[in-house]
Amino acid sequence: MVGRPRKAAGDVVRHPVFARFYTRLSERAEPVMAPVRRELLSGLSGRVLEVGAGNGLNFGYYPGTVSEVVAIEPERALRQLAVEAAQRAEVPVDVVPGAAEALPVKSEGYDAVVLCIVLCSVRDVARALREVRRVVRPGGEVRFFEHGRAPGRAMRTAQAGLDRTVWPLLFGGCHVGRDAVGALRGAGFELGEHRELLMPERGPRLPSSYCVLGTARRP
Ligand SMILES: C[S@@+](CC[C@H](N)C(=O)[O-])C[C@H]1O[C@@H](n2cnc3c(N)ncnc32)[C@H](O)[C@@H]1O
């Protein structure tokens, strides 16, 4: 299935304006994001599936122990940029259209799955994580970096209001109040090391500042 573009799967997500905005924003955020991306991917080996790869900014951080990355990206403009980033990467990266809720890859084919700021944007988190569980081998890892639910009640209320109204419309389907760790547990993953962090670390807290970086394992 990999490498054979399927129009229906490839066009499930169409956010051309967000794609342009995200490309500029993510490149500007790279000085802050680079250490996070490096930590997210450090020590990975074997076959890796990256879900929602965007413009491919993770590709430069995969260690040489990774034999192959298959990168799923549904948004056409971002996928094109990811294809260009794949050509510059030091490990082989195959960029493929598709959506997290119906991953176009075979079961148990991957040593690890990478989720980087993507659970906020998928349409159906539980279904996406069932798919992640299907495609990672038993004992395989999920590496995740996600923003989500704030610890304090006031910010949580603000996040819930934004998620019901403008945030997903403005930011390509993104939600700020999701609970990535709870969703991973609910999908049957065993949580490994993980830590909360604020992005940006200093300055005013934004609804999207509350992040978690870590690992989980398919039992
Ligand atoms: C905030 S961007 C993050 C991009 C990239 N992972 C990064 O670290 O820069 C969210 C990404 O999720 C993708 N996305 C949205 N809905 C998706 C879905 N249902 N399945 C897979 N990816 C999706 C978007 O197209 C976008 O590339």
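Placed above this text is the structure.
Predicted model, so just to flag it, every value in this text is computed and none were measured.

Visitor: Report on the overall build of the protein chain, specifying residues and quantitative values.
Guide: Helix and strand content of the protein chain: 8 helices and 7 strands. The C-alpha radius of gyration computed for the protein chain amounts to 16 Å, which stays within 12% of the reference 17 Å derived for 219 residues, consistent with globular compactness. Based on the C-alpha atoms only, the size of the protein chain along its principal axes is roughly 45 × 40 × 30 Å. Burial status across the protein chain gives 50% buried among its 219 residues. Intrachain contacts of the protein chain at a sequence separation of at least 6 include 70% that bridge at least 24 residues. Here the protein chain displays about 10,900 Å² of accessible surface, and carbon together with sulfur accounts for 54% of that area. A distance of 4 Å separates the average location of the 32 positive side-chain charges in the protein chain from that of its 24 negative side-chain charges.

Visitor: Please give an account of the pairing of strand S1 (residues 46-51) that cites residues and values.
Guide: The element S1 is extensively covered by neighbouring structure, given that 5 of its 6 residues are classed as buried. Note: S1 against strand S2 (residues 66-72), 6 bridges, orientation parallel. The residue of S2 that forms the bridge with Val48 is Val69. Two elements, S1 and strand S4 (residues 110-116), share 4 bridges in a ladder whose sense is parallel. Bridge pairing in S4 places Leu49 opposite Val113.

Visitor: Tell me about the site of the ligand, and please be specific about residues and values.
Guide: Around the ligand, 18 residues are found, and the nearest of them are Tyr22, Gly52, Glu73, Ala100 and Cys116. Side-chain polar atom of Arg37 to an oxygen atom of the ligand: 2.9 Å apart, as the coordinates give it. The contact in question runs from a nitrogen atom of the ligand to an N or O atom on the backbone of Ala100, over 2.8 Å. Calculation on the ligand without its partners gives an accessible area of 590 Å², and the protein chains cover 96% of this total. Across the shell around the ligand, the residue classes break down as 11 nonpolar, 3 polar and 4 charged.

Visitor: Explain the environment of Pro74 residue by residue, including any values.
Guide: Looking at where Pro74 falls in the secondary structure, it is placed in the loop between S2 and helix H4 (76-88). Judged by its relative accessible area of 12%, Pro74 is buried. Along the chain, Pro74 and Val142 lie 68 residues apart, while their C-alpha atoms are 20 Å from each other.

Visitor: Give me the lowdown on the environment of Phe189, citing residues and values where you can.
Guide: Along the chain, Phe189 turns up in the loop between helix H8 (180-186) and strand S6 (190-198). Sequence-wise, Phe189 and Ala216 are 27 residues apart; in three dimensions their C-alpha atoms are separated by 5.9 Å. Aside from chain neighbours lying at most four places away, what touches Phe189 is Leu129, Val132, Arg133, Val136, Val142, Leu184, Ala216, Arg217 and Arg218.

Reading the values: rules and limits
Residues numbered from 1 in each chain as written. Predicted model: local features only at pLDDT ≥ 70, side-chain atom pairs only at ≥ 80, totals over all residues. Heavy atoms only, no water. Helix = DSSP H or I, 4+ residues; strand = E, 2+ residues; numbered from the N terminus. Rg over C-alpha atoms; globule rule 2.2 N^0.38 Å. Buried < 20%, exposed > 50% of the residue type's maximum accessible area, 1.4 Å probe, protein only. Contact = heavy atoms within 4.5 Å. Areas by Shrake-Rupley, 256 points an atom, 1.4 Å probe, with all protein chains shown as cover. Lys, Arg positive; Asp, Glu negative; His and termini not counted. Charge placed at Lys NZ, Arg CZ, Asp CG, Glu CD. Pairing = 2+ DSSP bridges. Near = heavy atom within 4 Å. Polar contact = N/O pair within 3.5 Å; in protein donor to acceptor, adjacent residues only side chain to side chain. Nonpolar A, V, L, I, M, F, W, Y, C, P; charged D, E, K, R; others polar.

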